[in-house]
Amino acid sequence: RKKEGKHVTCGTAGKPLRIIQITDTHLFPEGVTSFKNEDTTVDMKKSGYSNKTAKEYLALLIKQVRPDVAILTGDIIDGRPFGEHKRTDWLRTIEEFIDPLVDAGIYWSFTPGNHDDDGAPYSRKDLLDIYSLPYCLSKGANTFDHTITVGPSEKEGVRLWLFDSGENSPDKNIRYTSFSLASVAAHKLISKKLRERKEKLPGLAFFHIPLPQYMYNHPISGTLGLFDAARNKGQVPRFARYFPWLVKLFGADRVAGSSMLDSGLFESFSREGNVKATFCGHDHYNDAVMWRDGVYLCYGRVCSYTPPIDWEGKGGPLPFEFGARIVEVRPDASVATWVQSKDGIEPKSYVPLEHRDRAPAGLCARILCSNVTLKVVNFIAILVILVYVLMFPQYRSAEELEEEAKIEAGLL
């Protein structure tokens, strides 16, 4: 294997190239056995949490899948316990975690999450030092937003787009700072150059926090369990807390923990047509594959068990086993994905990322198929139900009606 400029040679000519996505391991400093978050202090030993699960699972998955490339999509370490215990050995923590990748000679790269530097004694810019570690695809990169091709040759393989999806925003209404406008502009500029070069490689984008367009889509495969977890933690409106069945009836439970800012990156993906699928993490209770406007929207799956994984127990148990998302790029440029757990390929998780027909392009169809229309229809339907319940009396028996009539007539 050798590195040649913006192309990394790996894999075998004529055979599928496999990528493993590792996400949200939330590694703690070695030896830390407690974690403080908000009003909660967790005793990791007493609660059964373990910082070793992720590395052991990674080694197991490498043995099963034999990937050619690994992408770590953020929250690989958690800055909060590093800050709490005044630890600065964060790079060594990551280096120890990727030992199974390095030992197997697997190239890898990293995109930051919102917790890698959250409350940490180091900066987000310091995280770029990760790219100096052995077998990193992105060695020499001075920004998290970059693109590189990998595969047996420059004409056989895949183009990877890596993005920084933002960090925690001080404005709770915004949630996260989102993708930078510069990265969106860079995608458009590079896409224009790739068109001129007539590049045929399929494109895959990796980042941590889901795009806003991950919201309200019907899953092709997998689970969208974030709503139930947020309900367990008391982070949904009162109506949704008491009437979850109604929320689910209208598909309003298909939520994502995205920024409230729309950077325009998804529109660039859809318009340029050079990103077949996107892969993110962040929402520990989601692992679905969805499709929207020509782009597959995929979640990874967590494979660690430190307190943030299930919101210190407040989100309830995860709706699935630990695992990782696998992406396979074939020599004919077709792509498929599935979830790999300790027992192998998870049933019903295999999805060929083949072309799906776009939504009709007519104005009326775009209006009818838009998420805004869906929200309006859902709101009107819920309002009608509430008005009906409040304005009309509930069913009463003939005996009750007769007794009420007698009371009104003064007979009782």
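These lines cover the structure that appears in this document, whether it is placed above or below.

Definitions and cut-offs
Residues numbered from 1 in each chain as written. Predicted model: local features only at pLDDT ≥ 70, side-chain atom pairs only at ≥ 80, totals over all residues. Heavy atoms only, no water. Helix = DSSP H or I, 4+ residues; strand = E, 2+ residues; numbered from the N terminus. Buried < 20%, exposed > 50% of the residue type's maximum accessible area, 1.4 Å probe, protein only. Contact = heavy atoms within 4.5 Å. Areas by Shrake-Rupley, 256 points an atom, 1.4 Å probe, with all protein chains shown as cover. Polar contact = N/O pair within 3.5 Å; in protein donor to acceptor, adjacent residues only side chain to side chain. Core = buried A, V, L, I, M, F, W, Y, C linked by side-chain atoms within 4.5 Å. Pairing = 2+ DSSP bridges. Axes fitted to C-alpha atoms, helices over the stretch in contact; angles between N-to-C directions. Parallel < 35°, antiparallel > 145°, perpendicular 65-115°, else oblique. Nonpolar A, V, L, I, M, F, W, Y, C, P; charged D, E, K, R; others polar. Salt bridge = Lys/Arg side-chain N within 4 Å of Asp/Glu carboxyl O. Phe/Tyr/Trp six-rings, centres within 6.5 Å; stacked < 30°, edge-to-face > 60°. Lys NZ or Arg CZ within 6 Å of the ring centre and 35° of its normal.

Brief notes about the overall build of the chain
Per the secondary structure count, the chain includes 13 helices and 17 strands. The buried share of the chain, reckoned over its 412 residues, is 51%. Residue pairs in contact within the chain that sit at least 24 positions apart in sequence constitute 75% of those at least 6 positions apart. Carbon and sulfur atoms make up 55% of the accessible area of the chain, which totals about 20,300 Å².

Examining the side chain of Ser259
Here Ser259 is to be found in the loop between α9 (244-249) and α10 (265-272). Given the relative accessible area of 5%, Ser259 is considered buried. A polar contact of 2.7 Å, which involves the side chain of Ser259, links it to the backbone oxygen of Tyr176. Ser259 has contacts with Ile174, Tyr176, Ser178, Ile209, Pro210 and Pro212, leaving out every residue within four places of it along the chain.

Brief notes about the side chain of Thr93
Tracing the backbone through its elements, the reader meets Thr93 in helix α4 (residues 90-97). Among the polar contacts listed, one links the side chain of Thr93 to the backbone oxygen of Asp89, at a separation of 3.0 Å. When near neighbours in sequence (up to four residues on either side) are disregarded, Thr93 contacts Leu27, Phe28, Pro29, Ile77 and Phe82.

Looking at the nonpolar core
Ranked by size, the top nonpolar core spans 48 residues in total, and within it Leu72, Phe97, Leu101 and Trp108 carry the most contacts. Elements with a minimum of two residues in this core: β3 (17-22), α2 (53-65), β6 (69-73), α4, β7 (107-111), α7 (226-233) and β14 (324-329). If you tally residues by element for this core, the top one is α2, at six residues. Ranked by size, the runner-up nonpolar core spans 26 residues in total, among them Val158, Leu204, Trp291 and Val351.

A look at the pairing of strand β13 (residues 295-299)
A regular strand places its side chains on the two faces of the sheet in alternate fashion. For β13, the tally of buried residues reaches five of five residues, placing the bulk of the element in the interior. Alternating residues of β13 divide into Val295, Leu297 and Tyr299 and Tyr296 and Cys298, and every residue in both groups is buried. Where strand β11 (residues 277-280) meets β13, four bridges bridge the pair, whose relative direction is parallel. Considered in β13, the bridge of Thr278 is made with Leu297. Of the strand pairs in this sheet, strand β12 (residues 289-292) and β13 are connected by four bridges, and their pairing is antiparallel. Counted as the bridge partner of Met290 is Leu297 from β13. Where β12 folds back on β13, the antiparallel hairpin that results is connected by two residues, among which Asp293 adopts a positive phi of roughly 50 degrees.

A short note on the packing of helix α6 (residues 181-197) against α10
Taken N-terminus to C-terminus, the directions of α6 and α10 make an angle of 10 degrees; their axes are 9 Å apart at the nearest point. Judged by the angle between their axes, α6 and α10 are roughly parallel. On α10, the residues touching Val184, His187, Lys188, Ser191 and Arg195 of α6 are Leu265, Ser268, Phe269, Arg271 and Glu272. Its residues assigned to classes, the contact of α6 with α10 comprises three nonpolar, three polar and four charged.

Remarks on the environment of Ala104
Relative to the assigned elements, Ala104 resides in the loop between α5 (99-103) and β7. Owing to a relative accessible area of 40%, Ala104 belongs among the partly exposed residues under this scheme. In this structure, the C-alpha to C-alpha distance between Ala104 and Ile62, residues 42 residues apart in sequence, is 8.1 Å.

What about the environment of Asp126?
By the element assignment, Asp126 lies in the loop between β7 and β8 (146-153). Note: C-alpha distance between Asp126 and Leu91 (35 residues apart in sequence) is 9.5 Å.

Some points on α10
Regarding α10, the residues found buried are Leu265, Phe266, Ser268, Phe269 and Ser270. Among the residues trailing α10, Gly273 stands out with phi positive, at a value near 70 degrees.

Here we look at the pattern of salt bridges
The final tally for this structure, using the stated rule, is 18 salt bridges. With a closest N to O distance of 2.8 Å, Arg18 and Glu328 form a salt bridge. On the criterion of sequence distance, the pair formed by Arg18 in strand β3 and Glu328 in strand β14 is long-range, its members being 310 residues apart. Residue Arg18 is classed as partly exposed on the basis of its relative accessible area, which comes to 26%. Classification of Glu328 as buried rests on a relative accessible area of 8%. Its salt-bridge partner being Asp78, residue Arg80 comes within 2.7 Å of it at the nearest N-O pair. Here Arg80 and Asp78 have matching classes, each one buried. Several salt bridges converge on common partners, so that one network encompasses Glu30, Arg87, Asp89, Arg92 and Glu96.

Observations regarding the packing of aromatic side chains
How two aromatic rings sit relative to each other is given by the distance of their centres and the angle of their planes. Per the stated rule, a full pass over the model turns up 18 aromatic pairs. Every member of this aromatic cluster is reached through a ring pair, and the members are Tyr49, Tyr57, Tyr305 and Phe322. Here the basic side chain of Arg159 rests over the ring of Trp161, its NZ or CZ set 6.0 Å away from the ring centre.

Details of the pairing of strand β5 (residues 40-43)
Here β5 shows one buried face, formed by Thr40 and Val42, and one open face, formed by Thr41 and Asp43. In this sheet, β5 lies alongside strand β4 (residues 34-37) in antiparallel orientation, the contact comprising four bridges. Within β5, the position partnered with Lys36 by the bridge is Thr41. With antiparallel pairing between neighbouring strands as the criterion, β4 and β5 make up a hairpin whose turn holds two residues, including Glu38 at a positive phi of roughly 55 degrees.

These values are about where atoms sit, not about what they do.
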